[in-house]
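Chains, contacts and geometry: an overview
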Amino acid sequence: MTARDTDWDGVRLHVVTGKGGTGKTTVAAALALALAHGGRKVLLIEAEGRQGIARLFDRPPLPYEERKIAIGPGGNGDASMPGGDLYALAIDPEGALLDYLQMFYNMRSAGHVLTKLGMVDFATTIAPGLSDVLVTGKATEAARRRTRPGGPYLYDAVVMDAPPTGRIGRFLNVSAEVSGLAKVGPIRNHADTVANVIKSPQTAVHFVSTLEEMPVQETLDGVAELGRIAGIHLGGIVINMARPAAATREEMKAPPDLNALATALGKAGLHSTEALAESLAAELAEHSRHMELQDRERAELESAGQPVYELPLIVGDIDVATLYRLASELRAQGAA
Amino acid sequence: MTDMKNPLLDLDRMIDDRRTRIIVCCGSGGVGKTTTSAAIGLRAAERGRQVCVLTVDPARRLAQAMGLTALDNTPRLVDGVSVAAGGSLHAMMLDMKRTFDEIVEAHADPARAAQILANPFYQSLSSSFAGTQEYMAMEKLGQLRRSDEWDLIVVDTPPSRSALDFLDAPERLGRFLDGRLIRLLTTPARATRPFTKVLNAGFSVMTGALNKILGAQVLRDAQTFVTAFDTMFGGFRERADATYRLLQAPGTSFLVVATPEPDALREASYFVERLGEERMPLAGLILNRVHRSPLVPLSAPRALAAAETLETIPNDPLVPAANIAAAALRLHAERTNLGDREQRVADAFTSAHPAVPVAEVPALPVDVHDLAGLRDIGSLLADDALADRPAGMEPADERESRRGRG
């Protein structure tokens, strides 16, 4: 444990959502890695079986089982700052159902019969609210699991790569979804228990967005939607794939003097400096427009009033080393 | 793209061919499917087709661009479309619950329909099952096609978890409705003297378990729903099969939409393979948001080396632009790397699917908000030599010369 405060001290379940294509899974993985420091144990959950986490960590597809997939970043050679442990779990509704039956009724074998009979199809087809409650139920169970009764929590934090922004309200509003179907009974009780965890200060919902119009709009809509569900705690907004500014806003304000630019390029040993200067000036101008657009979208996101973090665009494949880099960015910005 | 071996997608030939009656745009979420569908619809309308664009969940401003304000399940005429060639453009947003309700009403007598519509399981199924949207989009497509009011329907598939969901949803729903669970659930309710027959072991285990998990009330609701729905199963199946055949019919073309990102192209690959297996006609791949490498022949490493050189010049008054030149060179290197990386990702796709025609749309500085923007996208898709290109995009002749290289 470090003495340093982060923005989300006290949060045990981090739900990460975002529009498709914004890098939600990458950010969830980086956040989980960032939280897994100082000997802490963190579980990263994939809620919609796409095996994106396995790909990010360069592993074979994850089974329905909590497996250690990485060691969190430690302090540089500082023995008092050890790394942590990162576990991962890919949840599918079928596994979650069997788990639920085992955990609460000790009837895993009945679960297999149900699977054969199409119970899982039943749950996912006719009553998706039921399958959502099983998935969120697994995540909340992991977040509250203790090493022994009355002992410390097994995981210091759980990070869930949740469904995209368009579905997140329904996904998290489990008791409302189930109440239409089950007014009383065990599944209703289970949904209420899950809802209590999701709507406690121990859970925060983070949004991932890029600095583009549509994802920003969807993020603001999602923030507003979740804000209307009583008890849900909004987390931070993580701007992903931000392109860094090539020069200061001041430098980019006016187009550069082409002759001076050509002279500089000549000094650097380049040829055809005039044509090159013209081309580079055009690239700078386009970049400057892009930066203005980013600034505008960033301001929109900041208007939501939640803490905002920013991760740079990674050119090239996202590998484990990149995840560590993104994790340390998140740490430096106070997200973990 | 310099190494592109694949044929170019000839969009105009496709939309001008009167035999093309349906274009399905599919691909993973966030790749610009809706914008692409709208742009194709607009272009086809302005080239003389009677077009209806069926969208599922358009971004607000795009919907406004097409004059769509409500999710009302009715095709609306889009204003501002050139009718010089005799075409027209309608657009509609899918209301999946209403579409589902209409099917129920069409297949059940009024009393039974009312009973189904009021059942909590039906309400859950019709408003939140992830596959319902896919299924209803295909159902609506079938309806629009049968109405024969339009000679071209462009459909934008729902933003599903997987690009393939809309192909599988009808089948999955059909399989589920024919499933053993349903048969078992309906048995006691249909039997004249319930529970006097010998119940099989599976059933008793199941009802016991379901009662435990769900509670008796839920099970009763489920049984009521399934029983009420039972009379419609046949009709449901037939509709799903008819839609499936429609997708295989000669007048249907699929366009797979992607961005030059590994995830999006991985989905695109699955899709291309799947369409092949299902004997569904793939017209081509549309690659959106392509960042082309800058045209100046200066490689990223050389640009970076030059930037480093300039950064060692400490405020030389003779080289006043050293800082900005270094910044511009670094920017150039970054853009070149990005372009090269996208090229590699795209190459991985095209070399695996060398016969798939490809069209590229460069990354645009802003999102599309109006018909003019959609028209520009249409031009880019069809590879027009467009004179009045908006600021920030490279002129067409450069794109041509790029195509010629390599």
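This text follows the structure it describes.
Described in the following lines is the structure provided in the data block. It should be emphasised that the depicted structure is a prediction, and the values quoted were computed from it without experimental measurement.

Cut-offs and rules
- Residues numbered from 1 in each chain as written.
- Chains lettered and ligands numbered in written order.
- Predicted model: local features only at pLDDT ≥ 70, side-chain atom pairs only at ≥ 80, totals over all residues.
- Helix = DSSP H or I, 4+ residues; strand = E, 2+ residues; numbered from the N terminus.
- Buried ≥ 20, exposed ≤ 12 C-beta atoms within 10 Å, placed from the backbone.
- Pairing = 2+ DSSP bridges.
- Expected span 1.5 Å × (residues − 1).
- Contact = placed C-beta atoms within 7 Å.
- Axes fitted to C-alpha atoms, helices over the stretch in contact; angles between N-to-C directions.

On to the overall build of chain B, then. Check the secondary structure of chain B and you find 17 helices and eight strands. Here chain B holds 406 residues, and 46% of them are scored as buried.

This part covers the pairing of strand 1 (residues 13-18) of chain A. Residue and element names in this part refer to chain A. For strand 1, the tally of buried residues reaches six of six residues, placing the bulk of the element in the interior. Because side chains alternate across strand 1, one face comprises the buried residues Leu13, Val15 and Thr17, and the other comprises His14, Val16 and Gly18, equally buried. Direction of pairing for strand 1 relative to strand 6 (residues 203-209): parallel, over a ladder of six bridges. Each residue of the ladder has a partner; that of Val16, found in strand 6, is His206. Bridging between strand 1 and strand 5 (residues 157-161) involves four bridges; their strand directions are parallel. Each residue of the ladder has a partner; that of Val15, found in strand 5, is Met160.

Attention now goes to the environment of Asn323(B). Mapped onto the secondary structure, Asn323(B) falls in helix 15 (residues 322-352). For the pair Asn323(B) and Leu310(B), spaced 13 residues apart in sequence, the C-alpha to C-alpha distance is 7.2 Å.

Moving on to helix 10 (residues 213-227) of chain A. Residues and elements named next belong to chain A. An ideal rise of 1.5 Å per residue puts 21 Å on 15 residues; helix 10 measures up with 21 Å between its terminal C-alpha atoms. When helix 10 is considered as a whole, its buried residues turn out to be Met214, Pro215, Val216, Glu218, Thr219, Gly222, Val223 and Leu226. Looking at the buried residues of helix 10, the elements they touch are strand 1, helix 7 (165-172), strand 6, strand 7 (234-242) and helix 13 (273-302).

Let's shift gears to the sheet that holds strand 3 (residues 76-77) of chain B. All names here are of chain B. Within the open sheet, the eight strands sit side by side as 3-4-2-5-1-6-7-8. Their pairing is mixed. Two strands in the sheet have a free side with no partner beyond their single neighbour: strand 3 and strand 8 (358-362). Pairing between strand 1 (residues 22-26) and strand 6 (residues 252-258): five bridges, direction parallel. Bridging across to strand 6, Val24 finds its partner in Phe254.

This paragraph deals with the sheet that holds strand 4 (residues 85-90) of chain A. Residues and elements named next belong to chain A. Here eight strands make up an open sheet; going across it, the order is 3-4-2-5-1-6-7-8 and the pairing mixed. Every other strand in the sheet has two partners, leaving strand 3 (67-71) and strand 8 (308-312) as the edge strands with one partner each. Ignoring strand direction, the axes of neighbouring strands in this sheet form an average angle of 25 degrees. As paired elements, strand 7 and strand 8 share four bridges and run parallel to each other. If you follow Ile239 over to strand 8, its bridge partner there is Glu310.

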